Amino acid sequence: MRALDLLGVARIEHGVRAIEDDALLDRLATEGVTLDVCPWSNVRLRVVRDLLAHPIRRLHERGVRVTVNTDDPTVFGRTLSQEIVSLVDDLGFSPADAAQLQANAFAVAAMPQAARDSALGEIEVLAREIESGKA
């Protein structure tokens, strides 16, 4: 938590060990600090024992803004699409959860506001279509 105080960070790469500290999770959620999480990288580097042990779902459910990433697709052999499909297929994320993770990524991306708004609008429309069974 001292790093948050001293550095005023808004994003943390990986950050999955935050799950071990309830007070830190509360603070990350309250302050809107984003954790850029790479599930399969964490598995392959043995940060977690397997995907089922990965804390991404618990982080998301605690209200921490989480994005899903690939780390290094060339090294780890996973595309962003594969990461997202794995969250749905292997960890039971709903399509709405997956859409929220992608919305989180666009919300914090360094990009022009008009492009951000457009991407977020497309995600919202697609999420509604999936929810209603139209997609």
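Rules of the game
Residues numbered from 1 in each chain as written. Predicted model: local features only at pLDDT ≥ 70, side-chain atom pairs only at ≥ 80, totals over all residues. Heavy atoms only, no water. Phe/Tyr/Trp six-rings, centres within 6.5 Å; stacked < 30°, edge-to-face > 60°. Lys NZ or Arg CZ within 6 Å of the ring centre and 35° of its normal. Helix = DSSP H or I, 4+ residues; strand = E, 2+ residues; numbered from the N terminus. Buried < 20%, exposed > 50% of the residue type's maximum accessible area, 1.4 Å probe, protein only. Contact = heavy atoms within 4.5 Å. Pairing = 2+ DSSP bridges. Axes fitted to C-alpha atoms, helices over the stretch in contact; angles between N-to-C directions. Expected span 1.5 Å × (residues − 1). Arc of directions from axis to C-beta. Parallel < 35°, antiparallel > 145°, perpendicular 65-115°, else oblique. Left-handed = near helix turned anticlockwise from the far one by under 90°. Nonpolar A, V, L, I, M, F, W, Y, C, P; charged D, E, K, R; others polar.

## Some details on the packing of aromatic side chains
- Evaluation of the coordinates by the stated rule reveals 0 aromatic pairs.
- Above the ring of Phe93, the side-chain terminus of Arg57 is found at 4.4 Å from the ring centroid.

## Here's the deal with the environment of Ser86
- Locating Ser86 in the fold gives a position in helix α6 (residues 80-91).
- Given the relative accessible area of 4%, Ser86 is considered buried.
- Through-space distance from the C-alpha of Ser86 to that of Leu51 is 9.0 Å; in sequence the pair is 35 residues apart.
- Contact partners of Ser86, with chain neighbours within four places excluded, come to Trp40, Leu51, Arg78 and Leu91.

## Considering the sheet that holds strand β2 (residues 34-37)
- Read from one edge to the other, the open sheet built from 3 strands follows the order β1-β2-β3, with strand pairing classed as parallel. Of all the strands in the sheet, just β1 (11-13) and β3 (65-68) have a single pairing partner and so form its edges. Averaged over all adjacent pairs, the angle separating strand axes in this sheet is 25°, with direction ignored.
- Alignment of β1 against β2, held across 3 bridges, turns out to be parallel. Residue Glu13 lies in a different strand from β2, and its bridge partner there is Asp36.

## What to know about helix α8 (residues 113-132)
- Given a rise of 1.5 Å per residue, 20 residues ought to cover 28 Å, and the 28 Å separating the end C-alpha atoms of α8 matches this to within 8%.
- Along α8, the residues that are buried comprise Arg116, Ala119 and Ile123. Buried residues in α8, looked at end-on, bunch into an arc of 70°, giving them a common side. Opposite the buried face of α8, by more than 90 degrees, sit the exposed residues Ala114 and Glu122.
- Buried residues along α8 sit in contact with α7 (95-108).
- Looking at the residues trailing α8, positive phi occurs at Gly133, about 85°.

## A few points about α6
- Taking 1.5 Å as the rise per residue, α6 with 12 residues should run 16 Å; its terminal C-alpha atoms sit 16 Å apart, in good agreement.
- Listed in full, the buried residues belonging to α6 are Glu83, Ile84, Ser86, Leu87 and Leu91. Viewed end-on, α6 has its buried residues packed into an arc of 155°, placing them on one side of the element. Residues of α6 that are exposed and point over 90 degrees away from its buried face: Ser81 and Asp89.
- Contact partners of the buried residues in α6: α3 (39-44), α4 (56-61), β3 and α7.
- Positive backbone phi, approximately 75°, marks Gly92, located one or two places after α6.

## Describing the packing of α6 against α7
- Where α6 meets α7, the axes come as close as 9 Å, and the angle between the chain directions of the two elements is 140°. Taken together, the axes of α6 and α7 are oblique relative to one another. For the crossing formed where α6 meets α7, the hand is right-handed. Residues Leu80, Ile84, Leu87 and Val88 of α6 form the contact with α7, whose participating residues are Ala98, Leu101 and Gln102.
- Grouping the amino acids of the contact of α6 with α7 by side-chain chemistry returns 6 nonpolar, 1 polar and no charged.

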